[in-house]
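Architecture at a glance
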Amino acid sequence: MFKQKAALLYPFVAIVLWAGNVIVSRLSAHAVGPQAITFYRLLVAVALMSPFVARGAWRNRLAIWPHIGQLAILGFLAMCLFQSLSYLAAETTTATNMAVFTALTPLLTVGLSVALLGEAPTLGMVCGAPLSFAGLVYLVSGGEVSSLLRNGVHAGDILMLLAAIVYALYGVLLKRWSLPITGWQSTYMQALCALAIMFPAFLATPVPLRQLNSATLPLIFYAGGLASVVLPFLWIRGVQQLGPNRCAIVMNLLPVLTAAAAIVMLGEPVRSFHGIGGGLALLGVAAAQAFQRPLGRALRD
């Protein structure tokens, strides 16, 4: 029992680091270009992983090479597109909103699994999706739904929703393909592919937005080291010891931890609509996680 409780530290610390990564995204807005920080974080991550992963990946190259196209797609989705969209979103939305949208990933993953893999919809998804949608509408409207008709939605919120959908698609493809490659080697090869993909975008970034200085270096090293290497290690260990479902539940803490950090580090106010809208959105996610029986079977019973 003690070991199982101690194992909860793996996903919890991972979510703490993830919350820190959201804060880093906000701090990097306007200081370094989205494509540039995405490229730099990949460069740092590959440099840190190479000493203990590169040799094994080279030895396993005959098994890896047939799947290089799939690894490139996975790397593009999770490490290029998701990260770039998140950094772009950080310019026009709050850290709390970013965390709420990210926490929707498990619910979106269930929805995409139904659409793309033909899995049966679950009772939790059918009940949770409307709750989450209502919560998001309340959140992005600032508690005044009628304002959406007058002012529309902030670009950052739309970008974060797209980012969450992209990450959910990544999870669905990872499950569907089930590549016969170890977790670290898969992550390493995805990062190498993503680094190559991001290089042209990095070169196209204006020079002032890709300069390294005392303000941007700590952000890059946090994103490339703690968020790209330590976080996945902790999350993988948590999944191995607790299972994916229990770890996914811990993700619901992301908006709470991010909001607390945003108050202290960014001075972002947290208002009642954050609690109501974010709470409804997370309640929908929790419903999808708790009630996973196929809808048809649930109705028959």
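Cut-offs and rules
Residues numbered from 1 in each chain as written. Predicted model: local features only at pLDDT ≥ 70, side-chain atom pairs only at ≥ 80, totals over all residues. Heavy atoms only, no water. Patch = residues over 30% accessible without salt bridge, like charges linked within 9 Å, V, L, I, M, F, W, Y side chains within 5 Å. Areas by Shrake-Rupley, 256 points an atom, 1.4 Å probe, with all protein chains shown as cover. Salt bridge = Lys/Arg side-chain N within 4 Å of Asp/Glu carboxyl O. Helix = DSSP H or I, 4+ residues; strand = E, 2+ residues; numbered from the N terminus. Core = buried A, V, L, I, M, F, W, Y, C linked by side-chain atoms within 4.5 Å. Buried < 20%, exposed > 50% of the residue type's maximum accessible area, 1.4 Å probe, protein only. Contact = heavy atoms within 4.5 Å. pLDDT = per-residue confidence, 0-100. 1 Å grid on protein atoms, 1.4 Å probe; cavity = no way out; pocket = protein on both sides within 12 Å on 5 of 7 lines; lining within 4 Å. Points joined across faces, edges and corners; volume = space filled by probe spheres on them. Nonpolar A, V, L, I, M, F, W, Y, C, P; charged D, E, K, R; others polar. Axes fitted to C-alpha atoms, helices over the stretch in contact; angles between N-to-C directions. Parallel < 35°, antiparallel > 145°, perpendicular 65-115°, else oblique. Left-handed = near helix turned anticlockwise from the far one by under 90°. Phe/Tyr/Trp six-rings, centres within 6.5 Å; stacked < 30°, edge-to-face > 60°.

**A short note on a nonpolar patch on the surface**
Residues L9, F12, V13, V16 and L253 make up a contiguous nonpolar surface patch of about 380 Å² in total accessible area. Topologically, L253 is positioned in the loop between α13 (244–250) and α14 (254–266).

**Looking at the nonpolar core**
Within the largest apolar cluster, 79 residues are counted, with the highest numbers of intra-cluster contacts made by I15, W18, L42, M49 and Y188. No other element matches helix α3 (residues 34–59), which puts eleven residues into this core. In this view, I15 contacts W235, V250, M251, L253, L254 and L257; residues no more than four positions away in its chain are not counted.

**Here's the deal with the confidence of the model for the chain**
Across the chain, the average pLDDT comes to 85, with 93% of residues at or above 70. Model confidence for the chain, summarised as mean pLDDT per element, is weakest for helix α16 (residues 295–300) at 53 and strongest for α3 at 95.

**Some remarks on the layout of surface pockets**
Space inside the largest pocket adds up to approximately 1800 Å³. In this structure, the largest pocket is lined by 49 residues; those nearest its centre are Y167, Y170, G171, L174 and W235. The element that contributes the greatest number of residues to the lining of the largest pocket is helix α12 (residues 217–242), accounting for eight residues. Here the lining of the largest pocket is composed, by residue class, of 28 nonpolar, 18 polar and three charged. Volume-wise, the second largest pocket comes out at about 320 Å³. In this structure, the second largest pocket is lined by 17 residues; those nearest its centre are L104, S132, F133, L136 and L161.

**Quick look at unusual backbone geometry**
One non-glycine residue, H30, lies in the positive phi region at around 75°. Take H30: it is sitting in the loop between α2 (9–28) and α3.

**A word on the packing of helix α6 (residues 95–103) against helix α10 (residues 155–177)**
It is at 8 Å that the axes of α6 and α10 come closest, and there the two elements cross at 30°. Judged by the inter-axis angle, α6 sits roughly parallel to α10. The element α6 and its partner α10 pack so that their crossing is right-handed. Residues N97, M98, F101 and T102 of α6 touch α10, and the partners they reach there are D157, M160, L161 and A164. Counted by class, the contact of α6 with α10 contains five nonpolar, two polar and one charged residues.

**A word on the side chain of T38**
Considering the arrangement of structural elements, one finds T38 in helix α3. Exposure remark for T38: the relative accessible area of 0% places this residue in the buried category. Ignoring anything within four residues of it in the chain, the contact list for T38 reads M79, C80, Q83, S84, Y87 and M198.

**A few points about the pattern of salt bridges**
Applying the stated criterion to the full structure yields one salt bridge. For the salt bridge of R26 with E268, the shortest nitrogen-to-oxygen distance reads 3.0 Å. Remark: E268 occurs in the loop between α14 and α15 (272–290) and R26 occurs in helix α2; sequence separation between them is 242 residues. The exposure class assigned to E268 is buried, which follows from its relative accessible area of 9%.

**Examining the packing of aromatic side chains**
The geometry of an aromatic ring pair is captured by the separation of the ring centres together with the interplanar angle, meaning the angle of the planes. Taken as a whole and assessed by the stated rule, the structure comprises nine aromatic pairs. On the numbers, 5.8 Å between centres and 40° between planes, the contact of F39 with F199 is tilted. In this pair, F39 sits in helix α3 while F199 sits in helix α11 (residues 183–204), placing the two residues 160 residues apart along the sequence. On the basis of relative accessible area, F39 is assigned to the buried category, the value being 8%. Relative to F202, the ring of F39 lies with its centre 4.4 Å away and its plane at 20°, an arrangement referred to as stacked. With F39 in helix α3 and F202 in helix α11, this pair connects stretches of sequence that are 163 residues apart.

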